[in-house]
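Notes for the structure review
Residues per chain, in single letters:
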Amino acid sequence: MMRRNFLFGKRTLALFCSIGMMVSSLGTNVMTLTAMGAQETGYEDLYEEGSEVSIADRKVVRATVGEDILNFQQASVYNVADNYTDGKISGTYKSEKGEEYAVTVYRDGVGSYWKPEDTSDSNQYGCHCAVNKVVFAVELPTGSAKYTFRVAAGTGSAKVMLYSDEELTNGVLETEVAVPGDVVYKKSSEEAQTLYFVIKSASNYYMKNVDILKEEYKEEKRVLYKNQVVGIEDDDQDVELTFTGSTEVKTVSANGYEEEGIQLIAGETYSVVGVGKKAIYKSADIVAQENGASVITLKRVEFDLPLNLTNSFEDMKLYLSSMGYSSQSDVMDPYSGLVIHANGMNPSNFGAQYGASINGDKVISFIAKKSGTLTVTVSVTAADGNDKFALEINGERSGDEVPAEMNKS
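Just so you know, these numbers come straight off a predicted model, no measurement behind them. (Residues numbered from 1 in each chain as written. Predicted model: local features only at pLDDT ≥ 70, side-chain atom pairs only at ≥ 80, totals over all residues. Heavy atoms only, no water.)

Here the focus is the overall build of the protein chain. Each helix and strand in the protein chain was counted, giving four helices and 29 strands. In the protein chain, buried positions account for 46% of the 409 residues. The long-range share in the protein chain, meaning contacts at least 24 apart out of those at least 6 apart in sequence, stands at 70%. Carbon together with sulfur atoms contributes 43% to the accessible area of the protein chain, which is approximately 20000 Å² in total. (Helix = DSSP H or I, 4+ residues; strand = E, 2+ residues; numbered from the N terminus. Buried < 20%, exposed > 50% of the residue type's maximum accessible area, 1.4 Å probe, protein only. Contact = heavy atoms within 4.5 Å. Areas by Shrake-Rupley, 256 points an atom, 1.4 Å probe, with all protein chains shown as cover.)

Turning our attention to the pairing of strand β5 (residues 100-106). Counted residue by residue, β5 has five buried out of seven residues, so it is predominantly covered. Where strand β4 (residues 88-94) meets β5, seven bridges bridge the pair, whose relative direction is antiparallel. Following the sheet pairing, G91 is matched in β5 by V103. With antiparallel pairing between neighbouring strands as the criterion, β4 and β5 make up a hairpin whose turn holds five residues, including G98 at a positive phi of roughly 90°. Where β5 and strand β8 (residues 134-140) come together, three bridges link them in antiparallel fashion. Residue T104 lies in a different strand from β8, and its bridge partner there is A137. (Pairing = 2+ DSSP bridges.)

Once that is clear, we can look at the packing of aromatic side chains. Evaluated as defined, the whole model comprises seven aromatic pairs. Between the aromatic rings of F136 and F197, the centroid separation amounts to 4.6 Å while the plane-to-plane angle is 15°, which identifies the pairing as stacked. Linking F136 in strand β8 with F197 in strand β12 (residues 193-215), this pair joins segments that are 61 residues apart in sequence. An identical accessibility class is assigned to F136 and F197; each is buried. Seen in terms of ring centroids, F243 and Y257 are 5.8 Å apart; in terms of plane orientation they differ by 25°. Their pairing is stacked. With F243 in strand β15 (residues 240-244) and Y257 in helix α3 (residues 254-259), this residue pair connects regions lying 14 residues apart in the sequence. We note that F243, like Y257, is buried. Stacked on the ring of Y335, the Lys or Arg R300 has its end atom at 4.3 Å from the ring centre. (Phe/Tyr/Trp six-rings, centres within 6.5 Å; stacked < 30°, edge-to-face > 60°. Lys NZ or Arg CZ within 6 Å of the ring centre and 35° of its normal.)

Once that is clear, we can look at the sheet that holds strand β21 (residues 299-300). The five strands are arranged β16-β15-β18-β19-β21 in an open sheet whose pairing can be described as antiparallel. Bordering the open sheet on either side are β16 (249-253) and β21, each of which pairs with just one other strand. Across six bridges, the pairing between strand β18 (residues 269-275) and strand β19 (residues 280-287) is antiparallel. The partner of G274 across the bridge, within β19, is Y281. The strands touched by helix α4 (residues 313-322) within the sheet are β18 and β19, with β19 carrying the most contacts at an inclination of about 120°. (Axes fitted to C-alpha atoms, helices over the stretch in contact; angles between N-to-C directions.)

What follows deals with the confidence of the model for the protein chain. Model confidence for the protein chain is summarised by a mean pLDDT of 78, while 77% of its residues fall at 70 or above. By mean pLDDT, strand β2 (residues 16-24) is the weakest element of the protein chain at 36, and β8 is the strongest at 97. Overall, residues 4-63 carries pLDDT values under 50, and its contacts beyond four positions in sequence, including any with other chains, amount to 234 contacts. A low-confidence stretch, residues 115-120 (pLDDT under 50), is modelled with nine contacts involving residues beyond four sequence positions or located in other chains. (pLDDT = per-residue confidence, 0-100.)

The next thing to look at is the pairing of β16. In terms of strand pairing, β15 meets β16 through five bridges, oriented antiparallel. Considered in β16, the bridge of F243 is made with K250.

This part takes up α4. For α4, every residue scored as buried is listed here: F313, M316, K317, L318, Y319 and L320. Two residues or fewer past α4, G324 is found with a positive phi of approximately 80°.

Scanning the entire structure with this criterion turns up nine salt bridges. For R222, the salt bridge goes to E220, with nearest N and O atoms at 4.0 Å. The class of R222 is partly exposed, set by a relative accessible area of 34%. K221 is the salt-bridge partner of E290, the closest N and O atoms lying 3.1 Å from each other. A residue pair is termed long-range when its members are at least 10 positions apart, and E290 in the loop between β19 and β20 (296-297) and K221 in the loop between β12 and β13 (222-225) qualify at 69 residues. Each of K186, E220, R222 and E248 takes part in a single network of salt bridges with overlapping partners. (Salt bridge = Lys/Arg side-chain N within 4 Å of Asp/Glu carboxyl O.)

This paragraph deals with the environment of T142. Residue placement: T142 occurs in the loop between β8 and β9 (145-163). Note on T142: relative accessible area 57%, which makes it exposed. For the pair T142 and A192, spaced 50 residues apart in sequence, the C-alpha separation works out to 4.2 Å. When residues no more than four places from it in sequence are discounted, the contact partners of T142 are K187, E190, E191 and A192.

As structure tokens, this is what we get:
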């Protein structure tokens, strides 16, 4: 038996990579992959929080707000302090259906803009919103209605809450909602109401624009869902199911779903995730039907080599967060034996474009159960010229350091 450790140096890397490992008849030595001499300038170090953007020797066409007030790619509007009155910019948003809403954008919430190194277009990604600050407020008219805030991102992800007060004491959603995506608010009162849009947590999130859709509000009908749960590993136990809809999150044990059931909103679409003692599971989305009968078919999220941290980044984020991974806590998959070491990866910086952000530390280790030859392939999608990898066998360096070159394995 041997454990193979993969390390990435002693410092934070400016690289995002997909790690693929092809193993054929493994030997009896422990091998460690290490990146050395990495610079400490990462993806998010290209801007300074709260800084102003200066543009010299360049003609700037000032954008106008108007109906585009919720277009946060307008750096020439939202990143210029003089455009704000008492820290706010007000205007009228007009939906595709012609409905108009009074909107106020807050300087403290919009934050700063990021200009990519490889382009002169500072509007590519939108605004880097501040956390726990009002980004914008919108006045909803009298009458009940269902409002959908369709939130787009230039990059990254975040969680959003809507509040009914500027002091942010009264959230009107049952749970924080992940964006990019839809934030749904069902307004049942007949009185006019002002909502305050707030980013509660963010992972390299840049907001592009927000669209508002208004639909008829319908009273919710609840249905009792109760049936079998299949797909749980034989040696796993205490699996808890989480049903996430557009406006609510419900949890129930797998046994509870089979015996007592759970009340869901008729016609609502729910994603289903199961978390057990040993594994994480996903199910296809379900649409709650009035017959209340749906077998939940779970599939275990496999955490094994080869790891593809671009194509499977959502599953990887779900797995690591559900298993309690952190900068202080390792995660070992009971079925594959693969270990992701504490502080080795940055799950919050996983993304389809780049893969995973890797720290300068021990990242991956596994136990080889056969003797033979080991082949390690690391695909790098972005790297600094000083980033390097190295292997260790049983804790000792083996071979020369290898430069990490973009688009080369």
